[in-house]
Amino acid sequence: MGLLNLSFSLLLLLSALQLVSAQLATDPNEVSALNKIIDHWDLGNQLSLTIDPCIPNATWASNTANPRVLCDCAGSTCHITHLKIYALDILGEIPRELFELKELIDLNLGQNVLSGPIPAEIGQLSKLQYLSLGINNLTGPVPPEIGNLSKLLSLSFGSNQFSGPLPMELGKLTTLQELYLDSSGVTGPIPQELANLKSLKTLWASDNLFTGKLPEFLGIFAELKDLRLEGTLLEGPIPSNFGALVKLDILRVGDLGEEDSSLGFLENLTSLSTLSLRNCRVSGKIPEQIGNFAKLQYLDLSFNKLTGQIPNSFQKFTVLQFLYLGDNNLSGELPANIITPKLIALDVSFNPMSGNLPLNFARTGFSMNVLGTSINGNGLPDRGGFGLLNCLQGDAKCTNQLPSLSSFSIKCGGTGQTSASGIEYDDDSETLGAASFYKSSRWAVSSTGNFVFNSNGPRYIASTDSQITETLESELYKTARLSPSSLRYFGLDLMNGKYIVQLHFAEIAMEDDTSSWKGLGRRIFDVYIQGERVLQDFNIQKEAGGSKRALIKTFETNVSNTVMNIHFMWAGKGTCCIPLQGTYGPLVSAINVRQVPGAGNSANRGRKQVGRIVGISLGCAAAVMIVSSVFYLWWIKDDAPGHMRVQTDIPKK
């Protein structure tokens, strides 16, 4: 009897549990909204919810599910708290039904092709802690209603097409720890209200048209570990209170204008693993203390105004892999043991340095660029090449030989070939690394920089098997040379005079598929010829009308020192990570340079000019004699008897 009662009790308990379970259901408004969202973005094949979306152990609730729907059923009604639709190329605008999911904690719509504005109703999702809208095609202003999301820990809306300034209401997000707004399109000054974001650990804000001074309030973000501000219109100097950011692991600031900066603030930033202050008008000497940064792996101080010698403390680096000090005014000799055990690349090009090469310069796997210095290149594979262009630091001639060339053509990043028009393009397939130089008989190439955070390893040449349109010479564009920082080509031993420069481009590394997030990348760089910027914020894809389309840019320039300098430079602009991390920087397919007919060597031009002047003078004299003779005959004829000419004035010369 007792056993029967126990069985009956268990049956009642099971029935009660089943009843409770049956009563648990997702908020019907949320279910309806979710189904409309699925229809709006045409996700029926990937997320078919014919049953309650919050059933236990649903496949779409796992951590690896995408799309992912996760619920909280702690009360009598289940609520949708997590929605991930990530990198699925969903198209269209953000539907209003999304804002019916008011219990959302985590919303991830990153890496899609969403268009239109962010609706103001975003501010209704007041429980959000994580919001990701990065890498889409969203437009319009960033809505101030985002400031209502006071529980946000992470906010991402980078790599979009927004316009206008950042809303000051973002300053209300006082719990925010991560803010990603790089390449978002925002403009104007960085609002002072953002000084309230004292919990920030990560701030990515590069490639935006920010104006005004680099904000001093960034120096009070004591928790900051990762700060990236490159490719803006911000002005220096770097505030001295940045020295208080002692938790910084990554500091990338670049392309500052107006006022000079110094490196004094770095003294206590010993936690840095990546330090890049490229093109920031940094002047003065490099502090000795930097050599004591035990975690430093990447150091870039190139394109600044640094003076003095490289500190001897740089011989103490234990984990440093990349050291870029090119395009400064550093002098003296390289420290003998500057090639530390982990160092992969060293660039000191275009500095007035001298002396001998450091020890271990021939170590396998190590690359070095000392182009444009007076460092003794004995022992290098091309020792004549490294000393060749040190004359570019001054006014001296760049060659002791008589200039004899009037053209050169290069197939950048590819093997030599003859074009359909008969132009012979030289082979440029030499492997270049993070700090490299190569010299052929008629030209030279210098490449510096490293694709930081590129999981696929270094890629300095791009290639494609696709047909290139808008040209009869598709093969010319199927390879291209890339650089993450600075790529220079030099024409050598050129006769002085005027030249036509043709630069051939085709975007072969970025797609333009409007139906995929992989087609949202933007490559932007500058081009200088003979030191003059001829292209600023140049976007191959935009100007050519798409990817894998040929584009030729033609310029005129003068050679007066027997060398032509064509410089492709990344100024921190464009997306960094579409379609892959490390997809940015200058790209060029081919170069064709030829002298303008009749604009040869200046001495020859001078002799020809003298000849022309003499010829013109003789011709004029002969003409004067002929005219005088005719006039004299006319005068005799008119002075017949009975007429008298009277000279009344001094003859005019």
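Since the structure is predicted, the reported quantities are computational estimates derived from the model, not experimental observations.

Scoring rules and cut-offs
Residues numbered from 1 in each chain as written. Predicted model: local features only at pLDDT ≥ 70, side-chain atom pairs only at ≥ 80, totals over all residues. Heavy atoms only, no water. 1 Å grid on protein atoms, 1.4 Å probe; cavity = no way out; pocket = protein on both sides within 12 Å on 5 of 7 lines; lining within 4 Å. Points joined across faces, edges and corners; volume = space filled by probe spheres on them. Nonpolar A, V, L, I, M, F, W, Y, C, P; charged D, E, K, R; others polar. Disulfide = S-S within 2.5 Å. Helix = DSSP H or I, 4+ residues; strand = E, 2+ residues; numbered from the N terminus. Buried < 20%, exposed > 50% of the residue type's maximum accessible area, 1.4 Å probe, protein only. Phe/Tyr/Trp six-rings, centres within 6.5 Å; stacked < 30°, edge-to-face > 60°. Expected span 1.5 Å × (residues − 1). Arc of directions from axis to C-beta. Contact = heavy atoms within 4.5 Å. Polar contact = N/O pair within 3.5 Å; in protein donor to acceptor, adjacent residues only side chain to side chain. Pairing = 2+ DSSP bridges.

Engineer: Before we go on, may I ask you to explain empty space enclosed by the protein in this structure?
Structural biologist: In this approach the atoms are scanned with a rolling probe the size of a water molecule, which exposes any empty space left behind. Under the criterion given, the structure shown has 3 cavities of 30 Å³ or more. In this model, the largest cavity occupies a volume close to 90 Å³. What lines the largest cavity is a set of 14 residues, and nearest its centre among them are Ile-190, Leu-194, Leu-203, Ala-205 and Leu-218. A volume near 60 Å³ is recorded for the second largest cavity. Surrounding the second largest cavity, Arg-252, Ser-276, Arg-278, Tyr-298, Asp-300, Gly-449, Asn-450, Val-452, Pro-484, Ser-485, Trp-570 and Tyr-584 form its lining. A per-class count over the lining of the second largest cavity returns 5 nonpolar, 4 polar and 3 charged.

Engineer: Whenever I open this one, the state of the cysteines confuses me. Can you help?
Structural biologist: As used here, a disulfide is simply a covalent bond connecting the sulfur atoms of two cysteines. Inspection of the entire model under this criterion finds 3 disulfides. Between the sulfur atoms of Cys-54 and its disulfide partner Cys-71 the distance amounts to 1.9 Å. A torsion of -75 degrees about the S-S bond marks the disulfide between Cys-54 and Cys-71 as left-handed. Of this pair, Cys-54 sits in the loop between α2 (28-40) and β2 (68-72) while Cys-71 sits in strand β2, and the two are 17 residues apart along the sequence. Take Cys-54: its relative accessible area is 11%, and that puts it in the buried class. A sulfur-sulfur distance of 2.3 Å marks the disulfide that ties Cys-576 to Cys-577. One quick way to see it: the torsion about the S-S bond of Cys-576 and Cys-577 is about -85 degrees, and its sign makes the bridge left-handed. Cys-577 sits in the partly exposed class, given a relative accessible area of 22%.

Engineer: Hey, could you run me through unusual backbone geometry in this one?
Structural biologist: What is expected of a backbone is that most residues other than glycine have negative phi and most peptide bonds are trans. The omega torsion of the bond from Asn-66 to Pro-67 falls at 5 degrees, within 30 degrees of zero and hence cis. Among the structural elements, Pro-67 can be located in the loop between α2 and β2. The amide bond that connects Gly-236 to the next residue, Pro-237, takes the cis arrangement and shows omega of 5 degrees. Here Pro-237 lies in the loop between β15 (226-229) and β16 (250-253). Despite not being glycine, Gln-530 shows a phi value in the positive range, around 55 degrees.

Engineer: Honestly, the packing of aromatic side chains in this entry has me stumped. Any pointers?
Structural biologist: What characterises a pair of aromatic rings is the spacing of the ring centres plus the angle enclosed by the ring planes. Summed over the entire model, instances satisfying the criterion amount to 17 aromatic pairs. A centroid spacing of 5.9 Å and a plane angle of 55 degrees characterise the contact between Tyr-298 and Tyr-324, whose relative ring orientation is tilted. Taken together, the positions of Tyr-298 in strand β19 (residues 298-300) and Tyr-324 in strand β21 (residues 322-324) put the pair 26 residues apart, joining distant regions of the chain. A relative accessible area of 6% means that Tyr-298 is categorised as buried. Pairing Phe-505 with Phe-525 gives two aromatic rings, centres 6.3 Å apart and planes at 55 degrees, and the pair type is tilted. Note that Phe-505 is positioned in strand β32 (residues 497-505) and Phe-525 in strand β33 (residues 525-529), a separation of 20 residues in sequence. Across the pair, exposure class does not vary: Phe-505 and Phe-525 are buried alike.

Engineer: I would appreciate a short explanation of α2 in the present structure.
Structural biologist: One turn of the α-helix equals 3.6 residues, which is why residues spaced by three or four share an orientation. Between its first and last C-alpha, α2 extends 18 Å over 13 residues, near the 18 Å set by a 1.5 Å rise per residue. Within α2, the full set of buried residues consists of Glu-30, Ala-33, Leu-34, Ile-37 and Ile-38. Buried residues of α2, viewed axially, fall in a sector of 140 degrees; they line one side. Turned more than 90 degrees from where α2 packs its buried face, Pro-28, Asn-29 and Asp-39 sit exposed. Structurally, α2 contributes buried residues whose contacts are with β1 (25-26), β2 and β3 (77-84). Structurally, the start of α2 carries an N-cap: the backbone nitrogen of Asn-29 is 2.8 Å from a side-chain oxygen of Asp-27.

Engineer: Can you help me understand the sheet that holds strand β4 (residues 91-92) in this one?
Structural biologist: Backbone hydrogen bonds hold the strands of a sheet together, and the pairing may be parallel or antiparallel. One open sheet holds the 4 strands; their spatial order is β4-β6-β8-β10, and the pairing between them is parallel. Since the sheet does not close on itself, it has two edges, and those belong to β4 and β10 (161-162), each with one partner. The sheet contact formed by strand β6 (residues 113-116) and strand β8 (residues 137-140) spans 2 bridges and is parallel. Opposite Gly-116, over in β8, you have Leu-138 as the bridge partner.

Engineer: Would you take a moment to explain the sheet that holds strand β37 (residues 587-588) for this structure?
Structural biologist: Spatially, the 3 strands line up as an open sheet ordered β29-β30-β37, and their pairing is antiparallel. Across the chains shown, the open sheet's two edge strands, defined by having one partner strand only, are β29 (461-463) and β37. Sheet analysis places β29 next to strand β30 (residues 479-482), joined by 3 bridges and oriented antiparallel. In the strand pairing of β30, Ser-463 is matched with Thr-479.

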